[in-house]
Amino acid sequence: MKKSMIALSAIFVLVSQASYAAAQPDKVQTTKKATSLQKSDQDRHQAPTRKDVPAKDEIKLITEFKTKVDPAYAKKIQSAASYVEKVIIPNMVKNIGNPKKVKQTKIVIEQEHWDTPEKEAEAFDGGVTFFYSGTKNYVENQFRNVIIHEMHHILTADKHSLPDNLVSPWPHWLVEGLADYEMLNYAKQYGGEIFKALPTKKEIAHNPIDNSYLSGYQYAVPFIQYLEEKSPGTIRFFYNMKSGDDFQKKFKQRFKQDPTSIWFKEFLGQKENIVFEEKGKATTETKKVEQEIRRMIQQYLPTYIKMKNISAPFYLKTIFQRTSQEVTFQIITSDIIQEKQFKYSDLDKWLSDKIVKTETGQEVKVEDFLLNNLYISDDE
Ligand SMILES: [Zn+2]
């Protein structure tokens, strides 16, 4: 039977995502080119080269110091690299493969990131960079954690770092979320998981937008765990994706819903996808606003209302501030977070005039965007 489904077809550039990506200790960077090596005293203190020929599941980790560091720091990072090389990587390769046939990876230590001095580490083509100023006080397990996280990016590069003309199957949240998920599992072997406190479901439910799975990293980990429990084999299903696969489509084939719907409706246990939050006591005035917003939603999103029982790809939250009569209006979908604070009287105008930019640079009205992304599918 033909059934109407809601899906998203475009990927949007998120201002809010960019801001938390910058705040994260690392970010996948494929554009960065390794600069020519500058020999330093520390080069002589590199971990000894392994005499034996690497087995097929092994990847050699080579540390390169491009800045002068404390000897204790050098010892910790080299010891961490050696541990990850011998104990963790063979398991990672067995589990997720090594499609790009990486044989060795450089662990480069630089003074600090040219643009973001607080940055701790990042992955680049074929290697991992640690920034000394951001990681000076790391203990060895923290180095292990970061190396594993970045090695996950390197081993799964075929899922996210593709030439321009190819579509990357994994969205950002999965790239970072899965790297942390795997890292935390390995970290249990050496007690390193204590450095990453996972947000609780309660904390996420309290603020599902700021703590959204779309943030990736530790915010996505409980969601990935949930998906795996709900449908065992989901993580394997993610790894089996190939370049050119449509993530949204494949995900919906498996779950019959998009991730955002599952996030709000099941993971967070919310019955409604429209949440009204009033700061201050409910008054006849705030009740009037709530009614009016409901009316607008019904006017602009009739398809959504009709299909409410099938799938709701967006989450809508309004916060009414009694004193200023301001409304914070948020829409969240798998690929877009829009947040706007404005006077209640401007709400109607915003809904009809708001322009969002798609990845292709196309500008669409927000209501058109929402409606255009509702489509009829043959899914059962
Ligand atoms: Zn990362």
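In this convention, every chain numbers its residues from 1, walking through the sequence in written order. In view of the model being predicted, local features appear only for residues whose pLDDT reaches at least 70, and side-chain atom pairs are presented and counted only at 80 or more, with totals across whole chains, interfaces and linings using the full set of residues.

1. Thoughts on the environment of Ser161
Put simply, DSSP H or I for four residues or longer makes a helix, DSSP E for two residues or longer makes a strand, and each gets a number counted from the N terminus. Note on placement: Ser161 falls in the loop between helix H5 (157–160) and helix H6 (172–187). Taking C-alpha positions, Ser161 is 9.5 Å from Ser243, a pair spaced 82 residues apart along the chain.

2. A few points about the nonpolar core
By convention the nonpolar core is taken to be a set of buried residues drawn from Ala, Val, Leu, Ile, Met, Phe, Trp, Tyr and Cys and joined through C-beta atoms within 7 Å. Counting other C-beta atoms within 10 Å of its own, a residue is labelled buried from 20 upward, exposed at 12 or fewer, and partly exposed in the gap between, with every C-beta atom placed from the backbone. Ranked by size, the top nonpolar core spans 57 residues in total, and within it Val84, Ile107, Phe130, Ile147, Met151 and Ala220 carry the most contacts. By residue number, the principal contributor to this core is H6, which donates 10 residues.

3. What to know about the packing of helix H2 (residues 71–96) against helix H4 (residues 140–155)
Orientation of H2 relative to H4, taken along the N-to-C sense of each, is 40 degrees, at an axis distance of 9 Å. It follows from the interaxial angle that H2 and H4 lie oblique. For the pair H2 and H4, the crossing hand works out as right-handed. Taking contact as the criterion, the partners of Lys76, Ile77, Ser79, Ala80, Ala81, Tyr83, Val84, Ile88, Ile89, Met92, Val93 and Ile96 in H2 are, on H4, Glu140, Phe143, Arg144, Ile147, Ile148, Met151 and Leu155. When residues are sorted by character, Ala, Val, Leu, Ile, Met, Phe, Trp, Tyr, Cys and Pro go into the nonpolar class, Asp, Glu, Lys and Arg into the charged class, and all the rest, Gly among them, into the polar class. Residues of the contact of H2 with H4, tallied by class, amount to 15 nonpolar, 1 polar and 3 charged. Here, axes are lines fitted to C-alpha atoms. For helices the fit covers the stretch in contact, and angles between N-to-C directions go from 0 to 180 degrees. Angle categories: roughly parallel below 35 degrees, roughly antiparallel above 145, roughly perpendicular from 65 to 115, and oblique for all the rest. Each crossing gets its handedness from the near helix: less than a right angle anticlockwise from the far helix is left-handed, clockwise is right-handed. Contact definition: two residues whose C-beta atoms, as placed from backbone geometry, lie within 7 Å.

4. A closer look at unusual backbone geometry
The phi angle at Lys101 is positive, at roughly 50 degrees, despite the residue not being glycine. One can find Lys101 in the loop between H2 and strand E3 (104–110). One non-glycine residue, Tyr217, lies in positive phi territory at about 50 degrees. Within the secondary structure, Tyr217 sits in helix H8 (residues 217–230). C-beta crowding within 10 Å serves as the criterion here: with 23 such atoms nearby, Tyr217 is assigned to the buried category.

5. Focus: helix H11 (residues 259–267)
Residues spaced three or four apart along an α-helix point in a common direction, a consequence of the helix completing one turn every 3.6 residues. Summarising burial for H11: 7 of the 9 residues are buried, a large majority. Looking one or two residues beyond H11, the residue adopting positive phi is Gly269, at roughly 65 degrees.

6. Comments concerning the pairing of E3
Successive residues of a regular strand alternate their side chains across the two faces of the sheet. Sheet topology places strand E2 (residues 60–65) next to E3; 6 bridges connect them, and they run parallel. What sits directly across from Thr63, in E3, is Ile107. Taking the sense of rotation as the criterion, the β-α-β connection linking E2, H2 and E3 turns out left-handed. Across 5 bridges, the pairing between E3 and strand E5 (residues 127–131) is parallel. The residue bridging Ile109 from the neighbouring strand is Phe130, located in E5. A strand pair is defined by DSSP finding two or more bridges across the two strands. A clockwise path from the first strand over the helix to the second, with the strands pointing away from the viewer, defines a right-handed crossover.

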